[in-house]
Amino acid sequence: MIDLSQATPAELRSMIRNNELIKPTAGMANGYAQANLAILKKEHAFDFLLFCQRNPKSCPLLDVTEIGSPIPAFAAKSGDIRTDIPKYRVYKYGELVEEVTDISNYWEDDMVGFLIGCSFTFEHALLNNDISIRHIEEGCNVPMYKTNIPCIEAGIFHGKMVASMRPIPQKDVVRAAQVTSRFPAVHGAPIHIGDPEAIGVSSINHPDFGDPVTIREGEVPVFWACGVTPQSIAMETKPEIMITHAPGHMFITDIRDEKLGVL
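Conventions adopted
Throughout, residues of each chain are indexed from 1 in the direction in which the sequence is written. Residues qualify for local features only when their pLDDT is at least 70, as the model is predicted, and side-chain atom pairs are given and counted only at 80 or more; totals for whole chains, interfaces and linings, by contrast, use all residues. Hydrogens and water are ignored here; the side-chain numbers use all heavy atoms of the structure. Each residue is placed in one exposure class: buried if its accessible area under a 1.4 Å probe, protein chains only, is under 20% of its type's maximum, exposed if it is over 50%, and partly exposed if it falls in between. The helix count covers DSSP runs of H or I at least four residues long, the strand count covers runs of E at least two residues long, and both are numbered beginning at the N terminus. Note on contacts: a residue pair qualifies if any of its non-hydrogen atoms lie within 4.5 Å across the two residues. We define a nonpolar core as any set of buried Ala, Val, Leu, Ile, Met, Phe, Trp, Tyr and Cys residues linked to one another through side-chain atoms lying within 4.5 Å. Between rings of Phe, Tyr and Trp, where Trp is taken as its six-membered ring, a pair exists when centres lie within 6.5 Å; planes separated by under 30 degrees are stacked, by over 60 edge-to-face, and by other angles tilted.

## Here's the deal with helix α3 (residues 120–128)
Within α3, burial applies to Phe120, Thr121, Phe122, Glu123, Ala125 and Leu126. Here the buried face of α3 lies against β1 (32–41), α4 (134–137), β7 (160–169), α5 (173–181) and β9 (219–225). Looking at the residues trailing α3, positive phi occurs at Asp130, about 60°.

## Thoughts on the environment of Ile168
Residue position: Ile168 is located in strand β7. Taking the C-alpha atoms as reference, Ile168 lies 6.6 Å from Val222; in sequence the two are 54 residues apart. Here Ile168 is in contact with Ile131, Val173, Ala176, Gly218, Glu219, Val220, Val222 and Trp224, once residues within four sequence places are set aside.

## Some details on the nonpolar core
In terms of nonpolar packing, the biggest core is built from 36 residues, with Ile39 and Ile243 touching the most fellow members. Elements that contribute at least two residues to this core include exactly β1, β3 (88–92), β5 (111–117), α3, α5, β9 and β11 (251–256). The element that contributes the greatest number of residues to this core is β1, accounting for four residues. If we skip the residues at most four places from it in the chain, Ile243 touches Leu37, Ala38, Ile39, Tyr88, Arg89, Val90, Ile103, Tyr106 and Met111.

## A word on the packing of aromatic side chains
Summed over all chains, the structure comprises six aromatic pairs. Relative to Phe114, the ring of Phe48 has its centre 4.9 Å away and its plane inclined at 70°; by these criteria the two rings are edge-to-face. Taken together, the positions of Phe48 in helix α2 (residues 42–54) and Phe114 in strand β5 put the pair 66 residues apart, joining distant regions of the chain. As far as burial versus exposure is concerned, Phe48 and Phe114 are alike and both buried.

What follows is the structure, given as structure tokens:
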């Protein structure tokens, strides 16, 4: 059986396109950047581009497609954002109406795709520093939470930031912050360390997206800005249609993660 951590992005995209791989992509294609997805019609594309520019912690842009093109030419020339994500979510007027593995039937000639940096990218660097990743260990999705941290508004788009959480041993918290701060293009340093209620997370064991993970004695919950934020924003702003990745199911790019690192 193929080792998904060592597979190339092109191999994984092919498997995903053929519905041979329908699962969260954490730990796959080690060394390559992964990306969140948001697709909007042209009429809302500029507002969303401005929203990303004003909120780079939660929405760091890796690529934007040409109007009507499903090919992310910078991130993966052989990729197709209609088919190469394991699972998509379709929102209409802020309501989640369907989860699918292919959005070709939804694609229109005036749509624009946004690939947003994903924190799965810096997990490889954390592992290289002997900092374990609990959701990879437990074979589940990363827990994600709606916070009380407001995003900066842009056009129709407004709402609160979503954050992902990883339990980190107390002795490794500073190192985890240092390691991830090298990757601002994929959310960078943590936005919060410690008490979840300080950022509006009332129950750490009941994430809004993803799965709960074990927090062991001596570990601290560490929160990073999350590219699921656009899904929360979609629920608030209710555009006619927004298509996203399902949380944890990412687009795997051809961009080496070290290319995104600050030296």
